[in-house]
Amino acid sequence: MTRLLLTEAHVLDPETADLSDSSWIEVAGGRIADVGTGRAPTVPDGVPVLRLGGATVLPGLIDAHVHAVLTSADAHAVAGWSPSYRTARATSGLAAMLERGFTTVRDTGGADHGLAQAVEEGIITGPRIVYGGSAISQTGGHGDFRTRDEDSVPCCQTKVGGGRIADGVGEVRRVTRDELRKGASHIKIMLSGGVASPNDEVSAVQYSEEEIRAFVEEATNANRYVTGHAYHARAINRGLANGVRCIEHGNLLDDSSVELFLEHDAWLVPTLITYDRLAADGPKYGLPPGSHRKVYEVLDAGLGALEKAHRAGVNLAYGTDLLGAMGAYQLHEFRVRGQVQPAADVVRSATADAARLLGMEGEVGVVAGGAHADLLVVDGNPLEDLEVLVNSAETHRYVIQGGRIVVGRCP
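Residues numbered from 1 in each chain as written. Predicted model: local features only at pLDDT ≥ 70, side-chain atom pairs only at ≥ 80, totals over all residues. Heavy atoms only, no water.

Visitor: Can you lay out the overall build of the chain for me, pointing to particular residues and giving the numbers?
Guide: Counting its regular elements, the chain contains 15 helices and 19 strands. Relative to its length of 411 residues, the chain is compact, with a C-alpha radius of gyration of 21 Å against a globular reference of 22 Å. Taken along the three principal axes of its C-alpha coordinates, the chain extends 70 × 45 × 45 Å. Within the span of the chain, comprising 411 residues, buried residues form 56% of the whole. In the form shown here, the chain has an accessible surface area of approximately 15,900 Å², with 48% of it arising from carbon and sulfur atoms. Of the charged side chains in the chain, 37 are positive and 53 negative, and the gap between their average positions amounts to 4 Å. (Helix = DSSP H or I, 4+ residues; strand = E, 2+ residues; numbered from the N terminus. Rg over C-alpha atoms; globule rule 2.2 N^0.38 Å. Buried < 20%, exposed > 50% of the residue type's maximum accessible area, 1.4 Å probe, protein only. Areas by Shrake-Rupley, 256 points an atom, 1.4 Å probe, with all protein chains shown as cover. Lys, Arg positive; Asp, Glu negative; His and termini not counted. Charge placed at Lys NZ, Arg CZ, Asp CG, Glu CD.)

Visitor: Outline the packing of aromatic side chains, listing residues and values.
Guide: A complete count under the given rule lists five aromatic pairs for this structure. An angle of 35° between the planes, with centres 5.9 Å apart, marks the rings of phenylalanine 102 and tyrosine 318 as tilted. With phenylalanine 102 in strand β8 (residues 102-107) and tyrosine 318 in the loop between β16 (315-316) and α11 (332-337), the pair connects residues that are 216 residues apart, well separated along the chain. What makes tyrosine 318 buried here is its relative accessible area of 0%. With a centroid separation of 5.0 Å and an interplanar angle of 80°, the aromatic rings of tyrosine 207 and phenylalanine 215 are classed as edge-to-face. (Phe/Tyr/Trp six-rings, centres within 6.5 Å; stacked < 30°, edge-to-face > 60°.)

Visitor: Help me get a handle on the side chain of threonine 7, residues and values and all.
Guide: You can see threonine 7 is positioned in strand β1 (residues 3-13). If near-sequence neighbours (up to four positions away) are discounted, threonine 7 is found in contact with Ser23, Trp24, Ala40, Val49, Leu50, Arg51, Leu52 and Gly53. (Contact = heavy atoms within 4.5 Å.)

Visitor: Please provide a residue-by-residue account of the pairing of strand β6 (residues 56-59), values included.
Guide: Note: β1 against β6, two bridges, orientation parallel. By the bridge assignment, valine 11 is partnered in β6 with valine 57. For β6 and strand β17 (residues 375-378), the ladder comprises four bridges, and the chain directions are antiparallel. Bridge pairing in β17 places proline 59 opposite leucine 375. (Pairing = 2+ DSSP bridges.)

Visitor: Tell me what's going on with the sheet that holds strand β7 (residues 61-66), and back it up with residues and numbers.
Guide: Judged by pairing direction, the sheet is parallel, and its three strands sit side by side in the order β7-β8-β9 without closing on themselves. Of all strands in the sheet, those bounded by a partner on one side alone are β7 and β9 (128-131). Across the sheet, the axes of successive neighbouring strands diverge by a mean angle of 20°, strand direction being ignored. Both β7 and β8 contribute to a ladder of four bridges, which runs parallel. Opposite leucine 61, over in β8, you have phenylalanine 102 as the bridge partner. (Axes fitted to C-alpha atoms, helices over the stretch in contact; angles between N-to-C directions.)

Visitor: Break down the pattern of salt bridges for me, citing the residues and quoting the values.
Guide: Applying the stated criterion across every chain, the model contains 24 salt bridges. Taking the shortest distance from any N to any O, the salt bridge between arginine 3 and glutamate 26 comes out at 2.8 Å. Taken as a pair, arginine 3 in strand β1 and glutamate 26 in strand β3 (residues 23-28) lie far apart in primary sequence, 23 residues in all. Assessed through its relative accessible area of 26%, arginine 3 is described here as partly exposed. The salt bridge involving glutamate 387 is made with arginine 335; its shortest N-O contact spans 2.7 Å. With glutamate 387 in helix α14 (residues 387-390) and arginine 335 in helix α11, the pair connects residues that are 52 residues apart, well separated along the chain. On the basis of relative accessible area, glutamate 387 is assigned to the partly exposed category, the value being 23%. In this structure, a network of salt bridges that share partners links the residues Arg164, Asp178, Glu179, Arg181 and Lys182. (Salt bridge = Lys/Arg side-chain N within 4 Å of Asp/Glu carboxyl O.)

No statement about biological role is implied by the geometric values presented.
Have a look at this one:
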């Protein structure tokens, strides 16, 4: 049974935005056994003791919008890769996420039970993956990456990382049931056009209300939920009014959208850093020219949408949506959000609040007895300066996942 003791720590409680007095954290069997102040418990010889000298310990970070197997911004090219090649490319990206301090991620299109199991068994190094399987799109929607010259029927229904096409209520039900059969923790659907897709406009509204309600009914029957890709208020509002629990992106929401978020106690997962990087370097990472032009339709509006949602009290979770090499900027979302949110709220969005969205309250996103021993040890106070989290090379001392030190030297 893995054991570990951390002492001389200031523990950050993301719910209360408090830092504890000098504290200790005892870890056993991959879980936090106890947390306390004062004199640390005695542990047997051979149990590692990390004397932190006043460093801050916060829960391992949670990114609620990743695509582990989409390692290029050229979605059409990715659609042609074999499952084994996609998975092989995903391994380095997952390891890098963990090294940045992200111990849990929600994959919103691509990862499946096999990838999640490989991480859980230690075959692949990476954060715990809460997966939704394949994202589901209507024909010609954001998840349909066939070019206009292709007349083939979509064939990528079983590939790791492949999207799925479903049209009509009957097909929506069948495909949703199939993803749930494979263990999806949520169902991701495309409610609007997008940047990367070749054949739609960002402002396009996708799926009928009847189809959306069918998605929601099937997910609810299985005690799961639907999350929807959407930018424009028309698409956001249609989704929320018909039972979609979470909206990804939401850059072009308006006051009526905010009212619906609050009415339905729904969630918003902004992904602002990805537009910054796609605008700056998208073509270098494989983004086609037509998609690069569409970035600017949503780039500038995103920060204002976040501020509007934050001031109204909308449920917010941390997400990045960075593909491939752009993942190096995964921590920079803290910096972007810090322009319009207090640091404590941004930290909570990547810990306790994200855990609520994932249905993992008390399991992750908290430093408390019984939780997974997923911990990030940093020099400095993120509540005073979010750069403590962004500048990982200078400030991150340890990353601990399930009680195992994955970054930092074990004494």
